[in-house]
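The residues making up each chain are set out below.
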Amino acid sequence: MADKGKMDQAKGKAKEAVGKIADNDRMKAEGKMDQAKGKAKEAVSDTAERTRAAKDTMRDKNR
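The rules behind the values
- Residues numbered from 1 in each chain as written.
- Predicted model: local features only at pLDDT ≥ 70, side-chain atom pairs only at ≥ 80, totals over all residues.
- Heavy atoms only, no water.
- Helix = DSSP H or I, 4+ residues; strand = E, 2+ residues; numbered from the N terminus.
- Rg over C-alpha atoms; globule rule 2.2 N^0.38 Å.
- Buried < 20%, exposed > 50% of the residue type's maximum accessible area, 1.4 Å probe, protein only.
- Areas by Shrake-Rupley, 256 points an atom, 1.4 Å probe, with all protein chains shown as cover.
- Lys, Arg positive; Asp, Glu negative; His and termini not counted.
- Charge placed at Lys NZ, Arg CZ, Asp CG, Glu CD.
- Expected span 1.5 Å × (residues − 1).
- Polar contact = N/O pair within 3.5 Å; in protein donor to acceptor, adjacent residues only side chain to side chain.
- Salt bridge = Lys/Arg side-chain N within 4 Å of Asp/Glu carboxyl O.

Participant: Help me understand the overall build of the protein chain, please; the structure alone is not making it clear to me.
Facilitator: Within the protein chain one finds 2 helices and 0 strands. The globule rule puts the C-alpha radius of gyration for 63 residues at 11 Å, and the 17 Å found for the protein chain is more than 25% above it. Put simply, the protein chain has 63 residues, and 19% of those count as buried. Put simply, the protein chain shows about 5000 Å² of open surface, and 55% of that area lies on carbon and sulfur atoms. Averaged over its 18 positive side-chain charges, the protein chain has a centre that lies 3 Å from the centre of its 12 negative ones.

Participant: Could you clarify how one ought to interpret helix α2 (residues 25-61) in this entry?
Facilitator: Each full turn of the α-helix corresponds to 3.6 residues, which orients residues three or four apart in the same direction. Taking 1.5 Å of rise per residue, the 37 residues of α2 would be expected to cover 54 Å, and the 54 Å separating its terminal C-alpha atoms lies within 8% of that figure. With a side-chain oxygen lying 3.0 Å from the backbone nitrogen of Arg26, the N-terminal cap of α2 falls on Asn24.

Participant: What am I meant to see in the pattern of salt bridges here?
Facilitator: Summed over all chains, the structure comprises 9 salt bridges. Of the charged contacts, one joins Lys15 and Glu30 as a salt bridge, the two residues approaching to 3.5 Å between their closest N and O atoms. Placement of the pair is Lys15 in helix α1 (residues 2-22) and Glu30 in helix α2, with a sequence separation of 15 residues. A residue is classified by how much of its surface remains accessible, and Lys15, at 24% relative accessible area, is partly exposed. Note on Glu30: relative accessible area 29%, which makes it partly exposed. Through salt bridges with shared partners, a single network forms among Lys15, Arg26, Glu30 and Asp34.

Participant: Sorry if this is basic, but what is going on with the environment of Ala17 here?
Facilitator: By the element assignment, Ala17 lies in helix α1. With 10 residues separating them in the primary sequence, Ala17 and Met27 have C-alpha atoms 8.7 Å apart.

Participant: Looking at this structure, how should I read the environment of Ala14?
Facilitator: With respect to the helices and strands, Ala14 occurs in helix α1. Residue Ala14 is classed as partly exposed on the basis of its relative accessible area of 43%. With 44 residues separating them along the chain, Ala14 and Met58 place their C-alpha atoms 43 Å apart.

Here's what the structure looks like:
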């Protein structure tokens, strides 16, 4: 999922750049939204990884 987050961020940066060049406010806004979506996906993925790691640690301590 983190890879998808990075891809969304890259896509967003590209859209934003094209929007700036073309003076297209909608394209710039879409780019910013894609970047935000990518950051959110990364945050969710990081949280899930940390949760799994904590769960594994707790399981190992109880053995």
